[in-house]
Amino acid sequence: MSSIDLRKKIVESTLVKKQLTGVTARVGIVLDITGSMRSLYSRGVVQEVVERILAVASKFDDNGALDVWVYDTEFSRLPPVTERDFGSYVFTHILNNDAIHKFGRNNEPPVMEDVIQKYTREEKETTPVFIIFINDGGVVKPAKKVLMAASALPVFWQFIGIGDSDFEVLKQLDTMGGRLVDNASFFHLDRIEEVSDEQLYDQLLNEFPQWLRAAKEKRIL
């Protein structure tokens, strides 16, 4: 059995555990490509993360595709990754792509706004959206304003901090008040490559069910 098939089985058991079986969602991943992420790209850690998240998209999304963004001071919306082409995705579409601005500083609001643009204006549907946002620190404070305004939209943001930063802003995004619903969650993994698939999927899908219930109650979905 291939690695993606094994991971899909683990996702499936996690969905049962979290009472998410039968849920359809559009899934996207936003990847930090600031300078401090350089070694994680070169060592294949980011490629592995994409493969692990693809298994989630394969179980949630009707077309089995994972939408992809990368960002530093600028951002790029990339072709979706699927089970047909995930093997060299990061090298082909990111590292070997001269059109992408790489290894600069952080600026999250533009890429967050583009995520919102895609799912709520370009491809407006009632299907919930599950965004996995990978970051290794340095998130700019205006991201809080974007997330606050987005709380009435059918988009849930799962932030994952990797590495040894303090993640002050991401912690605030997880807990700030004044939102129509709590539309974000955050957890920290010092070395994501050392965390098992079971542990990753358990944390990844921990708060999504609560948001789904709250969003339905508020008629966001």
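Note: the structure precedes this text.
All figures in this text were calculated on a predicted structure; none of them were measured in a lab.

A. Expanded view of the nonpolar core. Counting residues in each nonpolar core, the largest one holds 53 residues, and the members touching the most others are L31, F60 and I94. Leaving out residues up to four positions away in the same chain, F60 has contacts with L15, L20, V23, T24, A25, V27, F130, L205 and F208.

B. The packing of helix α1 (residues 3–17) against helix α8 (residues 197–204), seen in detail. Across the interface, α1 lies against α8 with an axial gap of 10 Å and an inter-helix angle of 40°. In terms of orientation, α1 lies oblique with respect to α8. For the pair α1 and α8, the sense of crossing is right-handed. Where α1 approaches α8, its residues R7, I10, V11, T14 and K17 are matched on the opposing element by D197, E198, Y201 and D202. Residue composition of the contact of α1 with α8, grouped by class: 3 nonpolar, 1 polar and 5 charged.

C. The arrangement of helix α7 (residues 168–175) in detail. Looking only at α7, the buried set comprises V169, L170, L173 and D174. Each buried residue of α7 lies within a common arc of 145° when the element is viewed along its axis, so the set occupies one face. Residues of α7 that are buried in the fold lie against β4 (129–135), α6 (143–149), β5 (155–162) and β6 (184–189).

D. Spatial organisation of the side chain of T14. Residue position: T14 is located in helix α1. Under the relative-accessibility criterion, T14 is labelled buried at 6%. With sequence-adjacent residues up to four places away left out, T14 is seen in contact with Y201, D202 and L205.

E. Looking closely at the side chain of D32. Tracing the backbone shows D32 in strand β1 (residues 26–32). At a separation of 3.2 Å, a polar atom in the side chain of D32 contacts the side chain of N135. Of note is the side chain of D32, whose polar atom sits 3.2 Å from the backbone nitrogen of D136. Every residue in contact with D32, bar those within four places of it in the chain, is listed here: M37, Y41, Y71, N106, I134, N135, D136 and G137.

Conventions used here
Residues numbered from 1 in each chain as written. Predicted model: local features only at pLDDT ≥ 70, side-chain atom pairs only at ≥ 80, totals over all residues. Heavy atoms only, no water. Core = buried A, V, L, I, M, F, W, Y, C linked by side-chain atoms within 4.5 Å. Buried < 20%, exposed > 50% of the residue type's maximum accessible area, 1.4 Å probe, protein only. Contact = heavy atoms within 4.5 Å. Axes fitted to C-alpha atoms, helices over the stretch in contact; angles between N-to-C directions. Helix = DSSP H or I, 4+ residues; strand = E, 2+ residues; numbered from the N terminus. Parallel < 35°, antiparallel > 145°, perpendicular 65-115°, else oblique. Left-handed = near helix turned anticlockwise from the far one by under 90°. Nonpolar A, V, L, I, M, F, W, Y, C, P; charged D, E, K, R; others polar. Arc of directions from axis to C-beta. Polar contact = N/O pair within 3.5 Å; in protein donor to acceptor, adjacent residues only side chain to side chain.

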